[in-house]
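An overview of the molecular structure
Residue-level listing of the chains:
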Amino acid sequence: MGAQLRVGRANAWAWYVGGASLLTALYLFVPPFKGNGPLINALGLSGVVAIVVGIRMHRPQAQAAWWLFVLGQFLFFAGDLYTYSYPKVFGADVGFPSAGDALYLLVYPALMGGLLLLVRRRNPRRDPAALVDALILTIGIGLLSWVFLIAPNIHLSGLSWLAKSVSIAYPLGDVLLLAVAIRLAVDAGKRAPAFFLLAGSIVCLLATDSAYNLALLQNTYDHQLIYDLGWILYYVLWGAAALHPSMRVLEEPATDSRPRLTSLRLSLLGAACLIAPSIRFFQSLGNPDVLVLIVASAVLFLLVVIRMAGLVRQEERIVSRERALRGAGTKLVGAAGYEQIYEAAIAGVRQLLGEDP
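Reference entry: report on the structure contained in this document.

Describing the overall build of the protein
For the protein, the helix and strand inventory stands at 13 helices and zero strands. By its C-alpha atoms, the protein is 90 × 75 × 35 Å across when sized along the principal axes. Pairs at least 24 residues apart make up 76% of the contacts formed inside the protein by residues separated by at least 6 positions. For the protein, the exposed surface amounts to about 20100 Å²; the carbon and sulfur share of it is 68%. Taken as two groups, the 28 positive and 21 negative side-chain charges of the protein have centres that lie 6 Å from each other.

Now the structure itself:
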């Protein structure tokens, strides 16, 4: 019985994802469930319940972070409940801004607070390199939000100051949440399945919010269910992250806090730095003089990045050799006979030169 209970707990997240996927398919394709307000409200509430169950089931030490996630998800559910149910109950359209918008905007500080608590637990020591990397990526992606979402909302005409402020607050909140999520993503903590489920949930939320805001600005939004699918994935993946047994790993302190400049991280940092000149490039199409300057600047930047990456790799190889030599020296000093000396020497050579020599 105990073994069955453990297996059930280990697979709870999969059962939840499977059940939610079935309900989502009904919501998207099957009348009379297609576009049904109470059904999407039920899916939203399921995310709240899943996190609560995950907390009770796995009992993480960072419970404050997960209860903040519960609050954030419940506020999102409450906003959905008001937005989707108000027109059906009272037979009137929801205005803008409304009480639903206030609930949606309160989601951001709740989620950011929980993520910051996880970042703090995973990184008990200061990590300025990760902070700088997070700032580079956030500023780069934030520029896209500024150009395509925030600035156009600022220049909208015919809106009250309150409506315009709320319109700006949504993409700004997404950028701030993105900043905290990136800080969590670039730290030295473990990458367990719950980490990727949580990251997927955040990506779905931010991508759907951005697409929705852009559709509103371009007057192409017509209650397409594809947007609801993005928000449903946000509910479900966050709930699945809480139910997954590895959710406790998210709070474990990093065992190795040394900064690592991997090829993937370097590529992402380089791409983020090229976002601004790329935007300027497309804005200057038809002006060859400016285009030449932009392209030349981007190429020079990439060459500098490649050169710096080579220097970093060279330094890492030197440090690795020094560690191997120190380790081999320690083994040689502690060797008690010819055989142990031989083993220590061979192990040191293999660490320095690889298996073939």
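Digging into the nonpolar core
Counting residues in hydrophobic clusters, the biggest one holds 68 residues, and the most contacted among them are Trp66, Leu198 and Trp238. Top element by residues in this core is helix α9 (residues 225–243). It accounts for 13 residues. With sequence-adjacent residues up to four places away left out, Trp238 is seen in contact with Ile51, Trp66, Phe69, Gln73, Leu111, Leu198, Ser201 and Ile202.

With respect to the packing of aromatic side chains
For the structure on display, the rule yields 14 aromatic pairs. Ring centres of Phe76 and Tyr234 lie 5.1 Å apart, and the angle between their planes is 55°; on these two criteria the pair is classed as tilted. You can see Phe76 sitting in helix α4 (residues 63–90) and its partner Tyr234 sitting in helix α9, a full 158 residues away along the chain. Judged by its relative accessible area of 6%, Phe76 falls in the buried class. The buried category is assigned to Tyr234, whose relative accessible area is 0%. With a centroid separation of 5.4 Å and an interplanar angle of 65°, the aromatic rings of Tyr221 and Tyr227 are classed as edge-to-face. In this structure an aromatic cluster arises from ring pairing among Trp66, Phe69, Phe76, Tyr104, Tyr234, Tyr235 and Trp238.

Comments concerning helix α12 (residues 288–333)
Taking 1.5 Å per residue, 46 residues should reach 68 Å; α12 reaches 68 Å between its end C-alpha atoms and fits that length. Three or more residues of α12 are buried, namely Leu291, Ile294, Ala298, Val305, Ala309, Ala324 and Ala328.

Some remarks on the packing of helix α6 (residues 128–154) against helix α7 (residues 161–185)
Each pair of packed helices can be described by the angle between their axes along with the distance between the axes. Close contact between α6 and α7 brings their axes to 9 Å; oriented N to C, the two are set at 165°. Taken together, α6 and α7 sit at an angle that is classed as roughly antiparallel. For the pair α6 and α7, the sense of crossing is right-handed. Here Ala130, Leu131, Ala134, Leu137, Thr138, Ile141, Gly142, Ser145, Leu149, Ile150, Asn153 and Ile154 of α6 lie close against α7, whose contacting residues are Lys164, Ser167, Ile168, Pro171, Leu172, Val175, Leu178, Ala179, Ile182 and Arg183. For the contact of α6 with α7, the residue count by class is 15 nonpolar, five polar and two charged.

With respect to unusual backbone geometry
Put simply, Pro31 and Pro32 share a cis peptide bond, and its omega is 0°. For Pro32, the location among the structural elements is in the loop between α2 (12–29) and α3 (37–58). Phi angles above zero are rare outside glycine, and Asn219 is one such case at about 60°. With respect to the secondary-structure elements, Asn219 resides in the loop between α8 (193–217) and α9. At His223, a position not held by glycine, the phi torsion is positive, near 60°. Summarising the element assignment, His223 is placed in the loop between α8 and α9. Judged by relative accessible area, His223 falls into the exposed class, the value being 61%.

A word on the packing of helix α10 (residues 263–273) against α12
Direction vectors running N to C along α10 and α12 enclose 155°, while the axes themselves pass 11 Å from each other. Taken together, α10 and α12 sit at an angle that is classed as roughly antiparallel. Crossing handedness for the pair α10 and α12: right-handed. Every residue of α12 that contacts α10 at Ser263, Leu266, Gly270 and Cys273 is listed here: Phe301, Val305, Ala309 and Arg313. Split into classes, the residues belonging to the contact of α10 with α12 amount to five nonpolar, two polar and one charged.

Rules behind the numbers
Residues numbered from 1 in each chain as written. Predicted model: local features only at pLDDT ≥ 70, side-chain atom pairs only at ≥ 80, totals over all residues. Heavy atoms only, no water. Helix = DSSP H or I, 4+ residues; strand = E, 2+ residues; numbered from the N terminus. Contact = heavy atoms within 4.5 Å. Areas by Shrake-Rupley, 256 points an atom, 1.4 Å probe, with all protein chains shown as cover. Lys, Arg positive; Asp, Glu negative; His and termini not counted. Charge placed at Lys NZ, Arg CZ, Asp CG, Glu CD. Core = buried A, V, L, I, M, F, W, Y, C linked by side-chain atoms within 4.5 Å. Buried < 20%, exposed > 50% of the residue type's maximum accessible area, 1.4 Å probe, protein only. Phe/Tyr/Trp six-rings, centres within 6.5 Å; stacked < 30°, edge-to-face > 60°. Expected span 1.5 Å × (residues − 1). Axes fitted to C-alpha atoms, helices over the stretch in contact; angles between N-to-C directions. Parallel < 35°, antiparallel > 145°, perpendicular 65-115°, else oblique. Left-handed = near helix turned anticlockwise from the far one by under 90°. Nonpolar A, V, L, I, M, F, W, Y, C, P; charged D, E, K, R; others polar.

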